[in-house]
Amino acid sequence: MTPETSAHAWMARALRLARRGLYTTDPNPRVGCVLVNQDRLVGEGWHERAGEAHAEVHALQQAGDAARGATAYVTLEPCSHQGRTGPCAVALAEAGVARVVVAMQDPNPEVAGRGIDLLKEAGVAVEVGVLEEEARALNPGFISRMAQGRPHVRLKMAMSLDGRTAMRSGESQWITGPSARREVQRLRARSSAVLTGVESVIFDNSRLTVRPEQLELEQAECIARRQPLRVIVDSRLRLPLASACLCEAGRTLVFTVAGHDRERRAELEAAGAEVVEVAAEESGRVELAALLAYLATREAANEVLLETGATLAGAMFDAGLVDEMQLFVAQTLLGGEARPLFELPGMTRMDEQRPLQILDIRAVGEDWRITAVPRQRELSVSV
């Protein structure tokens, strides 16, 4: 095995470890670390939960004295600042690690490169960029929040073969089968927030929660304890006070614009909602970019799962705010009177079409799952 092949193999192991934190590290990134001394694994670990020890600390604790002279393979640049835990770059240097191989730099512009510089100043050899694309795909939300100031938006929609999402009345349960619904639960579980429009809540009365019995994962009960934020776009505060989502564990944020009856807002807050006023578009509706900026800055939201109908989905897509699409296609037809996948007004010519890049198509039970991105965007997407 060549040194390059060996480095890729060890980093691949670190990435597999990092993926174990897929559902639990939010709002922190998913990170894995492997310590190797004389081609022998001496320690490994991953970041399990925010506020707890980072991946490097777990690996160093396991390695003990064998960390001296070892090479550390880390999926994200070791931190250089004191937070709820100490700086990992310092821990690696003090443990006597001789070399650190990093998949990618920290995308936070305030800290990027500082951990690497600290290691170099301590005499540790550093290499950056091994399996970087794979590392970026593991943390699209954290990268987006740091680089763009907004979360990574993943649109999930279920549709029939003729591209319909609900009957004309709004009835939509269920188009897809249990296997597809399990995958949706996993998408929710990895997300910081689930975003929908008030119309969808009115029609479906969805709880917008992670149900452990549907995850079919180890430690499902533990994963479901961290419920994602429930976020509802409701420009005119029409959310029914008896909505199921207001009775669930976790928080429900209702985004609206200024100028509503204070009494109606007080009623919603008494029912369990947190009402947030943001800027309005010319149409009087909630400015979607402002909503996402709020989620990134005030709630540290990395990944947002957009589960909604054609109107909000079309508005988000039209505004360039959809980064990734997870489309579940059922082997059924709903007919021409049923509701479409998107409402994208103003498209009358073929040169106005919105091209997509399909990254993956796979069977999910009796349905199909399509992963796609807007073609003009170059994004790292985990599949």
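Every value quoted in this text rests on a predicted model; they were computed, and no experiment measured them. (Residues numbered from 1 in each chain as written. Predicted model: local features only at pLDDT ≥ 70, side-chain atom pairs only at ≥ 80, totals over all residues. Heavy atoms only, no water.)

Enquirer: Which parts of the structure should I look at to understand the sheet that holds strand E16 (residues 367-374)?
Expert: The pairing of strands in a sheet happens through backbone hydrogen bonds and is either parallel or antiparallel. Spatially, 9 strands are ordered E11-E10-E9-E8-E12-E6-E13-E16-E15 in an open sheet, and the strand pairing comes out mixed. Each of the sheet's edge strands pairs with one partner strand only, and the pair in question is strand E11 (273-277) and strand E15 (356-364). The mean angle between the axes of side-by-side strands here comes to 25°, regardless of whether they run parallel or antiparallel. One ladder, built from 3 bridges, connects strand E8 (residues 193-197) with strand E12 (residues 303-307); its direction is parallel. Looking at E12, one finds that Ala193 is bridged to Val304. (Pairing = 2+ DSSP bridges. Helix = DSSP H or I, 4+ residues; strand = E, 2+ residues; numbered from the N terminus. Axes fitted to C-alpha atoms, helices over the stretch in contact; angles between N-to-C directions.)

Enquirer: It is not clear to me how the sheet that holds strand E3 (residues 71-74) should be interpreted in this structure. Could you clarify?
Expert: Pairing is mixed in the open sheet, where 5 strands are placed in the order E2-E1-E3-E4-E5. Since the sheet does not close on itself, it has two edges, and those belong to strand E2 (40-46) and strand E5 (125-128), each with one partner. Sheet twist, expressed as the mean angle between neighbouring strand axes with direction ignored, is 15°. Relative to strand E4 (residues 99-102), E3 is paired through 4 bridges, and the arrangement is parallel. Considered in E4, the bridge of Tyr73 is made with Val101. Together, strand E1 (32-37), E2 and E3 form the strand contacts of helix H2 (residues 55-63), whose direction differs from that of E2 by roughly 140°. (Contact = heavy atoms within 4.5 Å.)

Enquirer: Explanation requested: the environment of Pro151 in the structure shown.
Expert: Positionally, Pro151 belongs in the loop between helix H6 (140-148) and strand E6 (152-159). For the pair Pro151 and Cys222, spaced 71 residues apart in sequence, the C-alpha to C-alpha distance is 24 Å. Each residue touching Pro151, except ones within four places of it in the same chain, is listed here: Ser144, Leu292, Leu295, Ala296, Ala301, Asn302, Glu303, Val304 and Asp323.

Enquirer: Explain the domain arrangement of the protein to me, please; I cannot follow it from the model alone.
Expert: It is common to give the size of an interface as the accessible area lost on bringing the parts into contact. When cut into domains, the protein gives domain 1 (3-138) and domain 2 (149-374). Centre-to-centre separation of domain 1 and domain 2, based on C-alpha positions: 34 Å. With 9 residues of domain 1 at the interface, the matching set in domain 2 holds 11 residues. Taking both sides of the interface into account, the surface hidden between domain 1 and domain 2 amounts to around 890 Å²; carbon and sulfur atoms contribute 46%. If you look at where domain 1 meets domain 2, you find 2 salt bridges. Notably, a salt bridge pairs Glu303 with Arg30, separated by 2.7 Å at the nearest N-O pair. Our count for the contact surface shared by domain 1 and domain 2 stands at 4 residue pairs in polar contact (both at pLDDT 80 or more). (Domains from an automatic or database assignment. Buried area = accessible area lost by both parts, 1.4 Å probe. Salt bridge = Lys/Arg side-chain N within 4 Å of Asp/Glu carboxyl O. Polar contact = N/O pair within 3.5 Å; in protein donor to acceptor, adjacent residues only side chain to side chain.)

Enquirer: Quick question: what am I supposed to make of the pairing of E4 here?
Expert: Residues in a regular strand point their side chains to alternate faces of the sheet. Where E4 lies against E5, 4 bridges are found, and the strand directions are parallel. Residue pairing across strands places Val100 opposite Val126, the latter belonging to E5. Regarding topology, helix H4 (residues 114-121) serves as the crossover connection from E4 to the parallel E5, and that connection is right-handed. (Right-handed = clockwise from strand over helix to strand, strands pointing away.)

Enquirer: Any chance you could explain H6 here in plain terms?
Expert: Two residues of an α-helix separated by three or four positions point the same way, owing to the 3.6 residues in each turn. Along H6, 7 of the 9 residues are buried, which leaves the element largely enclosed by surrounding structure. Every buried residue belonging to H6 is among Pro140, Gly141, Phe142, Ile143, Ser144, Arg145 and Met146, and all of these are buried. Here the buried face of H6 lies against helix H5 (132-138), E6, helix H7 (178-190), helix H12 (288-299) and E12. Trailing H6 by a residue or two, Gly149 shows a phi angle of about 75°, which is positive. (Buried < 20%, exposed > 50% of the residue type's maximum accessible area, 1.4 Å probe, protein only.)

Enquirer: Where do I start with the UniProt feature "binding site: NADP(+)" (unreviewed entry) in the protein in this structure?
Expert: Feature annotation in UniProt places "binding site: NADP(+)" (unreviewed entry) on Ala158, Trp174, Asp204, Ser235, Gly309, Ala310, Thr311, Leu312, Ala313, Gly314 and Ala315, given in this structure's numbering. On the basis of their most widely separated C-alpha atoms, the annotated residues across 158 residues do not gather in one place, lying as much as 27.5 Å apart. Mapped onto the secondary structure, Gly309 falls in the loop between E12 and helix H13 (310-318). The exposure class assigned to Gly309 is partly exposed, which follows from its relative accessible area of 23%. When neighbours within four sequence positions are excluded, Gly309 is seen to be in contact with Met157 and Ser200. Relative to the assigned elements, Ala313 resides in helix H13. In this structure Ala313 comes out as buried when scored by relative accessible area, which is 0%. With near-sequence residues (within four places) excluded, Ala313 lies in contact with Leu155, Met157, Leu306, Thr308, Leu341 and Phe342. (UniProt positions renumbered as here; feature names shortened; annotations may be inferred.)

Enquirer: What is the right way to read the environment of Glu352 from this model?
Expert: Among the secondary structure elements, Glu352 is positioned in the loop between strand E14 (339-340) and E15. Assessed through its relative accessible area of 22%, Glu352 is described here as partly exposed. Excluding residues that lie within four positions of it along the chain, Glu352 makes contacts with Gly346 and Met347.

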